[in-house]
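If you want the building blocks of each chain, they are given just below.
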Amino acid sequence: MISHIPLPEILLTAAALALSQMIFLGAQRLSLRSDRFKYAVLYARLLSGFTFCLIPLANLSFSFSRFAAHFIQFTNINLTLLSALFFSFSALYVTYRFAGRPENFKNYPQLRISHWTSGLLFCNSLSWIFYLAGYEIILRGFLLFPSMESLPLAYAILLNLILYSVAHLPKGPKETLGSIPFGLLLCILTAVTGNIWNAFDCGPCRHADFE
């Protein structure tokens, strides 16, 4: 039985995703305009990740204890670790197998640098980790967990998938459609394990920059 629709979480998540898209669009335009802004995408990831983390903490109905329970504490440790290992290797293989396709170069790598140093690789990876941590916190933790508490599981997952797939629309129809089964997997893992660690672990494998 449906008790209530988590409207504040829906609106705040949608607003955060829209703001992130605007940040990335501005960063991409700046990076194309001048070499002075060639690292703008790195800062865009950090700013977006910070925004994703700040909104759950700023929402008064979402206490810090609840934040810690969903995002810091491990639940179902064995299942979480085993599934994380399995899906990490699977995601890495799929990414490695299909990353070289020409159609992928439209969106990746986001950072268009001709010469990659070890320091730049480290900063690029760190910015992805921070961005995706915030991404999973707001989309799977902040939105999915409250939705599961007030809606049937199928509806909660469907709501999450709608926002998740819409967020991928700027990257084209293939990635938008591909986000649906991947997002479904992440929602199921989150629901079964009771934490977002599997979703966060799989995310970097799918979104990493490749040369």
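Each remark here, short or long, concerns the structure printed above.
What this report covers is the structure whose coordinates are included nearby. (Residues numbered from 1 in each chain as written. Predicted model: local features only at pLDDT ≥ 70, side-chain atom pairs only at ≥ 80, totals over all residues. Heavy atoms only, no water.)

Details of the overall build of the protein
Step number 1: A count of helices and strands for the protein gives eight helices and zero strands.
Step number 2: When the elements of the protein are put in sequence order from the N terminus, they spell out α-α-α-α-α-α-α-α.
Step number 3: Across the protein, contacts joining residues at least 24 apart in sequence account for 76% of those joining residues at least 6 apart.
Step number 4: Looking at the protein as shown, the accessible area adds up to about 11,600 Å², and 72% of this sits on carbon and sulfur atoms. (Helix = DSSP H or I, 4+ residues; strand = E, 2+ residues; numbered from the N terminus. Contact = heavy atoms within 4.5 Å. Areas by Shrake-Rupley, 256 points an atom, 1.4 Å probe, with all protein chains shown as cover.)

Focus on the pattern of salt bridges
Step number 1: If you walk through the whole model with that rule in mind, you get two salt bridges.
Step number 2: Between E136 and R140 there is a salt bridge whose closest N-O contact spans 2.7 Å. Of this pair, E136 and R140 both sit in helix α5 (residues 118-150), separated by four residues, roughly a single helical turn. For the pair E136 and R140, a shared accessibility class is recorded, and that class is buried.
Step number 3: Between K171 and E175 there is a salt bridge, with the nearest N and O atoms lying 3.9 Å from each other.
Step number 4: Assessed through its relative accessible area of 22%, K171 is described here as partly exposed. (Salt bridge = Lys/Arg side-chain N within 4 Å of Asp/Glu carboxyl O. Buried < 20%, exposed > 50% of the residue type's maximum accessible area, 1.4 Å probe, protein only.)

Section: the packing of α5 against helix α6 (residues 153-167)
Step number 1: One way to put it is that α5 packs onto α6 with a least axis distance of 8 Å and a crossing angle of 155°. In terms of orientation, α5 and α6 fall into the roughly antiparallel class. Of the two possible hands of crossing, α5 and α6 adopt the one that is right-handed. Counted together, Y135, L139, R140, L143, L144, S147 and M148 of α5 and L153, A156, I157, L159, N160, L163, Y164 and A167 of α6 form the full contact between these two elements.
Step number 2: Across the contact of α5 with α6, the residue classes break down as twelve nonpolar, two polar and one charged. (Axes fitted to C-alpha atoms, helices over the stretch in contact; angles between N-to-C directions. Parallel < 35°, antiparallel > 145°, perpendicular 65-115°, else oblique. Left-handed = near helix turned anticlockwise from the far one by under 90°. Nonpolar A, V, L, I, M, F, W, Y, C, P; charged D, E, K, R; others polar.)

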